[in-house]
Amino acid sequence: MTPVLALYGHPFSSYTWKAQIAFHAAGVNYEFREVGPDQPANGEFLVSHAGPWGKFPVLVDGEQVLFEATVIIEHLASTMRRRPDCCRAIPLPPCRCACSTGCSTIT
Ligand SMILES: N[C@@H](CCC(=O)N[C@@H](CS)C(=O)NCC(=O)O)C(=O)O
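Residues numbered from 1 in each chain as written. Predicted model: local features only at pLDDT ≥ 70, side-chain atom pairs only at ≥ 80, totals over all residues.

**Student:** Teacher, can you tell me more about the site of the ligand here?
**Tutor:** In the neighbourhood of the ligand, the contacting residues comprise Ser13, Ser14, Tyr15, Lys55, Phe56, Pro57, Glu68, Ala69 and Thr70. Broken down by secondary-structure element, the contributors of at least two residues to the shell around the ligand are α1 (14-26) and α3 (69-79). (Near = placed C-beta within 6 Å. Helix = DSSP H or I, 4+ residues; strand = E, 2+ residues; numbered from the N terminus.)

Encoded structure:
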């Protein structure tokens, strides 16, 4: 079965971590697809889908493919795919925050 969300990246990539932090903070599940010599298909996917720079992370959300860590985080925030009891991927300023679990702790 095709996962709803798939994130291409590498465990040692800080930009991959940037995207992953938002997913974890928002409680959103995704399939991690590691880029490396042991997974040639993942690298080939990046060549054709990671934009002009061919860098990771890259997110696949259904038919949509997004690159740039910040774009991925903003996509996560705009689609609001998160646990209802959890924090936003992009926190609101504390004065506007209605999250009962304390969004300001992840700013
Ligand atoms: N501006 C990009 C930078 C991504 C980036 O530099 N990723 C590195 C890994 S941390 C990469 O893909 N390096 C492989 C390469 O440059 O070929 C973003 O914010 O996602």
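That covers the picture; the talk isn't over yet.
**Student:** I tried to follow the pairing of strand β4 (residues 64-67) on my own but got confused; where do I start?
**Tutor:** Each regular strand carries side chains that alternate between the two faces of the sheet. Strand direction decides the pairing type here: strand β3 (residues 58-61) and β4, joined by 4 bridges, are antiparallel. Bridge pairing in β4 places Leu59 opposite Leu66. (Pairing = 2+ DSSP bridges.)

**Student:** Please explain the nonpolar core as it appears in this structure.
**Tutor:** Generally speaking, soluble globular proteins have nonpolar side chains that are buried together. By size, the foremost hydrophobic cluster in this structure holds 19 residues, and its most contacted members are Ala19, Ala22, Val58, Leu59, Ile72, Ile73 and Leu76. Sorting the residues of this core by element identifies β1 (5-9), α1, β3, β4 and α3 as the ones contributing at least two each. At 5 residues, α1 tops the list of elements feeding residues into this core. When sequence neighbours within four positions are dropped, the list of residues in contact with Leu59 reads Leu5, Leu7, Ala19, Leu66, Ile72 and His75. (Core = buried A, V, L, I, M, F, W, Y, C linked by C-beta atoms within 7 Å. Buried ≥ 20, exposed ≤ 12 C-beta atoms within 10 Å, placed from the backbone. Contact = placed C-beta atoms within 7 Å.)

**Student:** I'm lost on the pairing of β3 in this one. Help?
**Tutor:** Two elements, β1 and β3, share 4 bridges in a ladder whose sense is antiparallel. Residue pairing across strands places Tyr8 opposite Val58, the latter belonging to β3. Here β3 folds back onto β4, and the loop between the two strands holds 2 residues, one of which, Gly62, carries a positive phi near 65 degrees.

**Student:** Quick question: what am I supposed to make of helix α2 (residues 40-49) here?
**Tutor:** Since the α-helix advances by 3.6 residues per turn, residues separated by three or four positions end up pointing in the same direction. A small share of α2 lies buried, amounting to 0 of its 10 residues. Note on α2: the residue one or two positions beyond its end, Gly51, has a positive phi of about 75 degrees.

**Student:** What is the right way to read the sheet that holds β3 from this model?
**Tutor:** Sheet strands pair by backbone hydrogen bonding; their relative direction is either parallel or antiparallel. Pairing in this open sheet of 4 strands is mixed, and the strands run β2-β1-β3-β4 from one edge to the other. Looking at which strands have only one partner, the edges of the open sheet turn out to be β2 (31-34) and β4. Pairwise comparison of adjacent strand axes, ignoring direction, gives a mean angle of 20 degrees for this sheet. Taken strand by strand, α3 contacts β3 and β4, and its axis lies near 135 degrees from that of β4. (Axes fitted to C-alpha atoms, helices over the stretch in contact; angles between N-to-C directions.)

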